[in-house]
Amino acid sequence: MTVPEKKILLIVMDGVGDRACPELDGRTPLQAVDTPNMDWFVSNGNSGIMDVISPGVRPGSDTAHLSLLGYDAKAVYTGRGPFEAAGIGLIGKRGDVAFRCNFATVDGDLNTLDRRAGRIKAPDTTDLVKSLSGIVIKGVEVTVREGTEHRAALLLRGPGLDSRVTDADPHNNGKVLESRPLVPEAALTAEVVNEFVRMSYDKLKDHPVNKRRREAGLPEANILLPRGAGSFPNIDPFPEINRMSAACVAGVGMIKGICGVCGLDVIDLPPACTGGFGTDVVLKMQTALRTLKDHDFVLMNFKSPDVCGHDMASAKKMSAVRNMDAAMKYLRENMPRDLVVVLTADHSTASSTGDHTADPVPLTIYTDGMIMDDATEYSEYGCAKGRLGRIRGHDLLPICMDLANRAEKFGA
Ligand code: ZN
Ligand code: ZN
């Protein structure tokens, strides 16, 4: 008899885990808010706590998401540059080198006058980037994509590239730097970067956008300054490894970038799903459920709890939790039966420290026909009573695959 395979919805409440907050009488925001819908999943599923990388390691959102997707983050992580580039749509492949860039203002001797070109933004940056399309330098394809405000990303693709080069960005108002190779193999990459920087100045200095800005007394964006080179990591595509189609529903660029690099389809969200505090969580859940109709696995990320933790705003984090519970209500009332639901976080973001901590995150897995456990409340404390115990992030996907009847038998 073949058992039907289920689909998997992995819900990441970014940074939702916390520590005891004195202003909440020693409770965490999750403990301080009544969350009947999250609690329903806990009461009907299995719960535990999870060290997303390993005990005592404070994860970044990028390394944490790699771990949640089943990768060994320590082996595949090559820095944030490639993921940021991917987050604004420059999804590279193995061997490509990505940089973060700033539009900047320089004088005729390439002295930096304003590293952010007066915080220039779209549509000016859109027009400027267009004039830099289709460049090939020494056989290397050069692609530029605009980010928010003065930010952009640069992607190099071609044979013989190596990311071990220094920045052209002087990081202050000094002279634009020559990129230097840190190892002999990176000589070509440094040459391409230097040529690109000069070319960006030649193409941008008399661009109509800059003529207009000059006349209006605004800083011109007459050069692009690359920094933070990183190689696209050697990541085997998630859909191939796990033999299931996969997508991500997220508003934040970096999360979209990580998922894109891992081979997940990055779903466009309606404008009301900003990824920030005011995001329409129910609309986002609707989008995830719709995406599950033609994908086997969906990762969704809600960013707002993390933002509140960084702001050290425990009361605001409580209202983010209330919002999450509204999304879980919609899920509870509308989910298909053949679904494995995971409710967890990528790391804790403590309202008392304003940063990520290594505290294990709460975890609940729900699907039809599970053995009950004693956990009834979604929180750092409540989930610890469940039968999943304390696991690591890279154990999560295998557990879900098994519950979804997708795991291969080990042995005869
Ligand atoms: Zn995070
Ligand atoms: Zn964070």
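What counts, and at which threshold
Residues numbered from 1 in each chain as written. Chains lettered and ligands numbered in written order. Predicted model: local features only at pLDDT ≥ 70, side-chain atom pairs only at ≥ 80, totals over all residues. Heavy atoms only, no water. Donors = N, O, S within 2.8 Å, 3.2 Å for Na, K, Ca; no water. Tetrahedral: all angles 85-135°; square planar, octahedral: opposite > 155°, others 65-115°. Helix = DSSP H or I, 4+ residues; strand = E, 2+ residues; numbered from the N terminus. Buried < 20%, exposed > 50% of the residue type's maximum accessible area, 1.4 Å probe, protein only. Domains from an automatic or database assignment. Buried area = accessible area lost by both parts, 1.4 Å probe. Salt bridge = Lys/Arg side-chain N within 4 Å of Asp/Glu carboxyl O. Arc of directions from axis to C-beta. Axes fitted to C-alpha atoms, helices over the stretch in contact; angles between N-to-C directions. Left-handed = near helix turned anticlockwise from the far one by under 90°. Contact = heavy atoms within 4.5 Å. Nonpolar A, V, L, I, M, F, W, Y, C, P; charged D, E, K, R; others polar.

Tell me what's going on with the coordination of the zinc ion (ligand 2), and back it up with residues and numbers.
Note on the zinc ion (ligand 2): its protein donors are Asp306 (OD), Asp306 (OD), His310 (NE2) and His356 (NE2). The metal-donor distances range over 2.0 to 2.4 Å. Note that the zinc ion (ligand 2) binds four donor atoms; their angles at the metal cover 56 to 145°, and the shape is irregular. Between consecutive donor residues of the zinc ion (ligand 2), the sequence gaps follow D-x3-H-x45-H. In this structure, the zinc ion (ligand 2) is positioned 4.5 Å from the zinc ion (ligand 1). Of this pair, His310 sits in helix 12 (residues 304–310) while His356 is found in strand 14 (residues 355–357), placing the two residues 46 residues apart along the sequence. For His356, a relative accessible area of 11% puts it in the buried group.

So what about the domain arrangement of the chain? Which residues, and what values?
By domain assignment, the chain separates into domain 1 (7–77 + 235–403) and domain 2 (84–231). The distance between the C-alpha centroids of domain 1 and domain 2 comes to 35 Å. Across the domain 1/domain 2 interface, buried area totals approximately 470 Å², and carbon plus sulfur atoms make up 62% of it. At the junction of domain 1 and domain 2, the tally comes to one salt bridge.

How would you summarise helix 15 (residues 393–403) if you had to cite specific residues and measurements?
Considered for burial, the residues of helix 15 that qualify are Gly393, Leu396, Leu397, Cys400 and Met401. Taken down its axis, helix 15 places every buried residue within 125° of arc, on the same side. Where helix 15 terminates, the next one or two residues include Asn405, which has phi positive at roughly 60°.

Got a sec to walk through the packing of helix 11 (residues 281–293) against helix 13 (residues 314–334)? Specific residues and values, please.
Between helix 11 and helix 13, the least distance of the axes is 8 Å, while the angle of their chain directions is 40°. Handedness of the crossing formed by helix 11 with helix 13: right-handed. For the pair helix 11 and helix 13, contact is made by Val281, Val282, Met285, Gln286 and Leu289 and by Asn323, Met324, Ala326, Ala327, Met328, Tyr330, Leu331 and Asn334, respectively. Within the contact of helix 11 with helix 13, the residues separate by chemical class into ten nonpolar, three polar and no charged.

So, the coordination of the zinc ion (ligand 1): which residues are in play, and what are the values?
Surrounding the zinc ion (ligand 1) are the protein donor atoms Asp14 (OD), Ser61 (OG), Asp346 (OD) and His347 (NE2), which sit 1.9 to 2.1 Å from the metal. In this structure, the zinc ion (ligand 1) is surrounded by four donor atoms whose angles at the metal cover 99 to 131°, and the resulting shape is tetrahedral. Read N to C, the donor residues that coordinate the zinc ion (ligand 1) are spaced as D-x46-S-x284-D-H. Judged by its relative accessible area of 9%, Ser61 falls in the buried class. We classify His347 as buried; its relative accessible area is 1%.

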